[in-house]
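# Structural characterization, general
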Amino acid sequence: MKRTITLITLAATALTLQAQQQVIDVTSSAAKAFYATQEWEQAFMGYYGVETGLEPGLPKDEAELATLGQVRDFLKVGNEEADVRAALTALNTLIQQQKIAGTDTSPMLMQIAGTLEMRAADFVKDPNQAKPLLEAAAAKLTMSVDPAKGFPNFLRAHKNLANLLFRMDKPVLAKKHFIKAIELGDRDAVSFGILGAIYMDEEKYISSETALRNSIMINPNITQFKQLLGNVLLAQERYAEAKEIFAEMLMKRPDEANFWMAQANCYVALDEIDKAARNLEIVRFMGKAN
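Figured I'd write up the structure that's included with this text.

Calculation notes
- Residues numbered from 1 in each chain as written.
- Predicted model: local features only at pLDDT ≥ 70, side-chain atom pairs only at ≥ 80, totals over all residues.
- Heavy atoms only, no water.
- Helix = DSSP H or I, 4+ residues; strand = E, 2+ residues; numbered from the N terminus.
- Buried < 20%, exposed > 50% of the residue type's maximum accessible area, 1.4 Å probe, protein only.
- Contact = heavy atoms within 4.5 Å.
- Areas by Shrake-Rupley, 256 points an atom, 1.4 Å probe, with all protein chains shown as cover.
- Salt bridge = Lys/Arg side-chain N within 4 Å of Asp/Glu carboxyl O.
- Expected span 1.5 Å × (residues − 1).

Summing up its helical and strand segments, the protein has 15 helices and zero strands in all. Split into buried and exposed, the 290 residues of the protein put 47% on the buried side. Taking contacts inside the protein between residues at least 6 apart in sequence as the whole, the part at least 24 apart equals 59%. Accessible area for the protein stands at about 14600 Å²; split by element, carbon and sulfur atoms hold 54% of it.

Next up, the structure:
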């Protein structure tokens with residue numbers, strides 16, 4: 001029989017229903033928060049390059065090659081926002097000229113333009129102003145993997161598009177491109193982690209757990225994905241395993257009240273009431289009890 005996680009017997013330190021849901025609800029908030037971290041910034045800056053084998057390579061068109069040379073020079077200057085905008089202007093100018101001339105833009109150029117469009121959106125604080133940039137980025141990246149005019153096995157484009165669609169709250173579309181990127185050989189912890197978050201929202205807990213464990217194996221330092229794994233184990237009522245996940249996280253982040261409360265939920269489910277009370281007392285001492 002399914003056990004209800006509650007602390008009714010501990011009236012003085014009871015978790016309210018709201019507090020319980022805050023801990024155990026299956027959400028993607030932790031995954032989306034990853035995009036604000038330094039790890040994402042470092043990973044993102046690697047998305048401008050070219051990987052042979054699963055990518056179309058540099059274009060042969062002279063105008064495109066000249067524009068890519070301009071982009072390279074702009075991105076070397078050091079003022080990132082201005083550099084990205086200048087590079088994007090050069091790319092969009094060429095793309096528009098090719099459109100007027102009835103010439104297809106190469107998949108590589110579309111991928112770079114879409115990625116820079118994503119980056120330009122990061123500099124815009126107003127979501128309404130960022131939205132057109134994100135939509136333009138999605139359109140360019142989609143064209144870069146188009147079966148007819150693009151390069152359908154373009155790993156980097158699938159990966160960028162998947163991340164972009166997830167950030168735009170389109171997880172179903174994002175999942176398709178994450179899976180394609182992984183099929184093509186992507187072994188990035190971020191790809192597995194966000195895919196795990198999507199599966200978790202779909203309540204496909206086994207698939208979510210598998211993806212998240214792959215992510216943690218590749219990079220055990222991304223806290224958001226460990227937290228998601230703990231939530232997945234809670235959703236499966238695997239409390240003994242979940243409490244160990246949160247215990248490991250508390251070793252590195254003892255000031256995180258949600259981790260203490262999540263572990264308290266596990267202790268209650270395992271009839272370890274004294275330990276649950278201890279955790280909640282710690283939260284109260286931290287001044288973060290509800």
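Glycine aside, the phi torsion of most residues is negative, and most peptide linkages are trans. In the Ramachandran plot, Asp169 falls in the positive-phi region, its phi being about 60 degrees despite a non-glycine side chain. Of note in the backbone geometry, Glu203 takes a positive phi value of approximately 60 degrees without being a glycine.

The next point concerns the pattern of salt bridges. Side-chain pairs of opposite charge can arise whenever the charged atoms involved come near each other. Scanning the entire structure with this criterion turns up 21 salt bridges. A salt bridge links Glu202 to Lys175, with the shortest nitrogen-to-oxygen separation between them at 3.2 Å. Here the residue Glu202 occupies a position in the loop between α10 (189-201) and α11 (205-218), and Lys175 occupies one in helix α9 (residues 171-183), the gap between them amounting to 27 residues. Looking at Lys175, the relative accessible area reads 15%, which means it is buried. Several salt bridges share partner residues, and in doing so they unite Glu80, Arg119, Asp122 and Arg167 into one network.

With that out of the way, let us pick up the environment of Ser106. Structurally, the position occupied by Ser106 is in the loop between α5 (80-101) and α6 (107-122). Assessed through its relative accessible area of 13%, Ser106 is described here as buried. Residues Ser106 and Glu64, spaced 42 residues apart in sequence, show a C-alpha to C-alpha distance of 8.2 Å. Among residues more than four places away in sequence, those in contact with Ser106 are Pro59 and Glu64.

This paragraph deals with α9. Under the 1.5 Å per step criterion, the end-to-end length of α9 is 18 Å for 13 residues, consistent within 8% with the ideal 18 Å. Here α9 has its buried residues at Ala174, Lys175, His177, Phe178, Ala181 and Ile182. Those residues of α9 that are buried lie in contact with α8 (155-167) and α10. Immediately beyond the C-terminal end of α9, within one or two residues, lies Gly185, with a positive phi of roughly 120 degrees.

The values reported here are purely geometric and, on their own, carry no functional implication.
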